[in-house]
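So the chains spell out like this:
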Amino acid sequence: MNSKILAILVVFAFCGTLFAQRRYGPSYTALIAIADGTEETEFVAVYDVLSRLPIEITIASGNTNGNLKIKAANGLPLLASTTLDEALRSTYSIIVVPGGHNGAVTLGENQKLVSALRRQKAEGRWIAAVCAASALVLGKNGLLDGETGTTYPNPDYQKYIKDHSRINDRVVISNKVITSQAPGTSLEWGLAIVSKLFDSNTADYWRRRFVV
């Protein structure tokens, strides 16, 4: 490539980064943990929302065999960028856990992830989970103790949410924990994350763009 053209492209990329930082503020990092059985809509929705912002996203596989190829709950093939073991060597602005029963069971039994979520909460950084993950990853492991939260509207999941005062809400923000109900609430969940990492005006802008 011609060196002048390359230099122009570098300048454009740099200006784009500055524009994003001025518009949205500083950039953030997000870890999205998935495994075989992760609900594809919940993963794709939150990824789609977050990827439009200056957020460095790491998609990590929690499969016990270390396989980066994920078979989602309804058969959609997904590909993680790294394993959870590798990803958890770093810290993140937010750790995000989509639902899907089998995926949530696997991730909820991953003690390295659970320890990272506990540390994340203790250090005042954000945690987000939806559907079965709210119950089986957060609630079952005590990460919703002292919090309000929501999960999929099924007693088998709701029993892990100790405070039922907002159990029927589509999205609940409690301190630094953001929970939601189901695939159909996942865009709202992603936008709630944006509202807290950035601000309500940014979330409202993307809400209008998504027509939510």
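Definitions and cut-offs
Along each chain, residues carry numbers from 1 onward, in the same order as the chain's sequence is written. Two thresholds apply to this predicted model, a pLDDT of at least 70 for residue-level local features and 80 or more for giving and counting side-chain atom pairs, whereas whole-chain, interface and lining totals are computed over all residues. Heavy atoms throughout the structure, all of them, feed into the side-chain values; hydrogens and water do not. In DSSP terms, a helix is any run of H or I states spanning at least four residues, a strand is any run of E spanning at least two, and both are numbered starting from the N terminus. For every residue, the accessible area obtained with a 1.4 Å probe (protein chains only) is divided by the maximum for its type, and the residue is called buried under 20%, exposed over 50%, and partly exposed between those limits. Only heavy atoms matter for contacts: two residues are in contact if any of them lie within 4.5 Å across the pair. Note on areas: Shrake-Rupley with a 1.4 Å probe; residue coverage comes only from the protein chains shown. Nitrogen and oxygen atoms within 3.5 Å of one another constitute a polar contact, given that in protein one can donate a hydrogen and the other can accept it, and given that sequence-neighbouring residues count only through two side-chain atoms. Only Phe, Tyr and Trp rings are paired, with Trp represented by its six-membered ring, and only when their centres lie within 6.5 Å; those with planes under 30 degrees apart are stacked, over 60 edge-to-face, the remainder tilted. Each residue carries a pLDDT score, the predictor's confidence in it, ranging from 0 to 100.

Looking only at helices and strands, one finds nine helices and nine strands in the protein chain. Looking at the protein chain as a whole, 49% of its 212 residues qualify as buried. Taking the contacts inside the protein chain whose residues are at least 6 apart along the sequence as the reference set, 65% of them involve residues at least 24 apart. Carbon and sulfur atoms provide 52% of the accessible area of the protein chain, an area that totals close to 10,400 Å².

A word on the side chain of N63. Structurally, N63 is set in the loop between strand 2 (55-61) and strand 3 (69-71). Within polar-contact distance, the side chain of N63 engages the backbone nitrogen of D36 at 2.8 Å. The residues contacting N63, other than those within four sequence positions of it, are I34, A35, D36, K69 and I70.

Another aspect to go through is the packing of aromatic side chains. Following the criterion strictly, the structure yields five aromatic pairs and no others. Here Y28 and F198 contribute two aromatic rings whose centre-to-centre distance is 5.1 Å and whose plane-to-plane angle is 85°, an arrangement assigned as edge-to-face. Pair noted here: Y28 is in strand 1 (residues 28-34) and F198 is in the loop between helix 8 (186-197) and helix 9 (200-210), with a separation of 170 residues, a long-range link. Classification of Y28 by relative accessible area gives partly exposed; the value is 22%. With a relative accessible area of 12%, F198 lands in the buried category. Put simply, the rings of Y205, W206 and F210 pair up and form one aromatic cluster.

Where the model shows low pLDDT, its predicted coordinates should not be examined in detail. Looking at the protein chain as a whole, the pLDDT averages 91, with 88% of positions reaching at least 70. When mean pLDDT is taken per element in the protein chain, strand 6 (residues 94-97) scores highest with 99 and helix 1 (residues 3-24) scores lowest with 38. Throughout residues 1-22 the model reports pLDDT below 50, and contacts reaching past four residues in sequence, or to other chains, amount to five contacts.

Another aspect to go through is unusual backbone geometry. Phi at C131 is positive, roughly 60°, even though this residue is not glycine. Take C131: it is sitting in the loop between strand 7 (126-130) and helix 6 (132-138). Exposure remark for C131: the relative accessible area of 8% places this residue in the buried category. The backbone phi angle of V211 is positive, close to 60°, even though this residue is not glycine. When you line up the elements, V211 lands in the segment after helix 9.

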